[in-house]
Amino acid sequence: MVEPVRPQLTESEDRAIAGFMSALAASTTAAALVPAPDLVWLKASLVQRWEAERQAQRPLDVMQSLHVGLGLVAAVVLFVWSAPALLSAFTALQP
Amino acid sequence: MAWRDEAAFTAFYGRTARGLWAYVYRTTGNAADADDIVQEAFCRVVTANVEPLDEEDRRRYLFRTASNLMVDRWRRATREQWGRESFVADTTSRVSATNDSRPHLDTAATFAGLKPRERALLWLAYVEEHDHRTIASALGVGKGSVKVLLSRARARLRDLLEARGMIGRSHG
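Small disclaimer: the values here were computed from a predicted structure and weren't measured. (Residues numbered from 1 in each chain as written. Chains lettered and ligands numbered in written order. Predicted model: local features only at pLDDT ≥ 70, side-chain atom pairs only at ≥ 80, totals over all residues. Heavy atoms only, no water.)

Details of the side chain of S67(B)
All names here are of chain B.
Moving on, step 1. Along the chain, S67 turns up in helix 3 (residues 55-76).
Moving on, step 2. For S67, a relative accessible area of 0% translates into the label buried.
Moving on, step 3. Look past the residues within four positions of S67 in its chain and what remains in contact with it is Y23, L124, A138 and L139. (Helix = DSSP H or I, 4+ residues; strand = E, 2+ residues; numbered from the N terminus. Buried < 20%, exposed > 50% of the residue type's maximum accessible area, 1.4 Å probe, protein only. Contact = heavy atoms within 4.5 Å.)

A short note on the packing of helix 1 (residues 11-31) of chain A against helix 6 (residues 116-127) of chain B
To describe two helices that pack against each other, one gives the angle between their axes and the distance between the axes.
Moving on, step 1. Running from N to C, helix 1 of chain A and helix 6 of chain B cross one another at 95°; their axes reach a closest spacing of 10 Å. When the axes of helix 1 of chain A and helix 6 of chain B are compared, the pair comes out roughly perpendicular. Residue-level contacts link D14(A), I17(A), A18(A), M21(A), L24(A) and A25(A) of helix 1 of chain A to L122(B), W123(B), Y126(B) and V127(B) of helix 6 of chain B.
Moving on, step 2. For the contact of helix 1 of chain A with helix 6 of chain B, the class distribution of residues is 9 nonpolar, no polar and 1 charged. (Axes fitted to C-alpha atoms, helices over the stretch in contact; angles between N-to-C directions. Parallel < 35°, antiparallel > 145°, perpendicular 65-115°, else oblique. Nonpolar A, V, L, I, M, F, W, Y, C, P; charged D, E, K, R; others polar.)

Concerning the nonpolar core
Moving on, step 1. In terms of nonpolar packing, the biggest core is built from 61 residues, with M21(A), L20(B), Y23(B), V24(B), F42(B) and L122(B) touching the most fellow members.
Moving on, step 2. Within the residue set of this core, elements represented by two or more residues are helix 1 and helix 2 (37-93) of chain A together with helix 1 (6-28), helix 2 (31-47), helix 3, helix 6, helix 7 (132-139) and helix 8 (143-163) of chain B.
Moving on, step 3. For this core, the element with the highest residue contribution is helix 1 of chain B, accounting for 10 residues.
Moving on, step 4. Excluding residues that lie within four positions of it along the chain, V24(B) makes contacts with G29(B), A34(B), I37(B), V38(B), A66(B) and M70(B). (Core = buried A, V, L, I, M, F, W, Y, C linked by side-chain atoms within 4.5 Å.)

What is shown is where atoms sit, not what they do.
Next comes the structure, spelled out in structure tokens:
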């Protein structure tokens, strides 16, 4: 037999649920083991410092990548630009 | 700008840490996850600019942050199985070690029969007494959905309590 759907709670059921939640919260909170606040403060300070360092380092990392890229482009341009002269120099060296 | 006054943080931590741990532990069902999430949430509170907020708003921010971290984990983990299996094993170890009465274990096991989101909804509504808007923001659901989801969660818990004989069966 199919159980009737009973989505609505009566007042006494709601009180029972509130009591249940209250008992569960009290027993769990009483048993909770949390680290000392100074440890959490220290961890947060370290995280904050690392984040600050990472943010300070970011423009340097970007510039370094840009530097390498520009160097490669300059090398290619120089090679292309000097290729005819190099070719004629090699040709002149041949007997 | 980060939180600068360590003494104020220590006082705030003393008032909120155990309650937050209890919320995360009962929602995730895993003590190690609760440890990680609570520490991460407090670290974010320290690095965020919450010092000018009043106590109640700081507390809401803290629970919202922890809830977001849990939701991130739910999305990463393989859904509903996460939490429920480890919950039962964990209940008999860490929390029960300091609080070992049978009714407590019954209470914990009954609550573990709910889905993680239902557990979070009920905790925020009944224990933290957050309004629907705050719960919606904490759990990343629409404000309109909270009422429906909460109603279903309460009905599910009522059914579980009835099935375990913890409340009398009504004939509605």
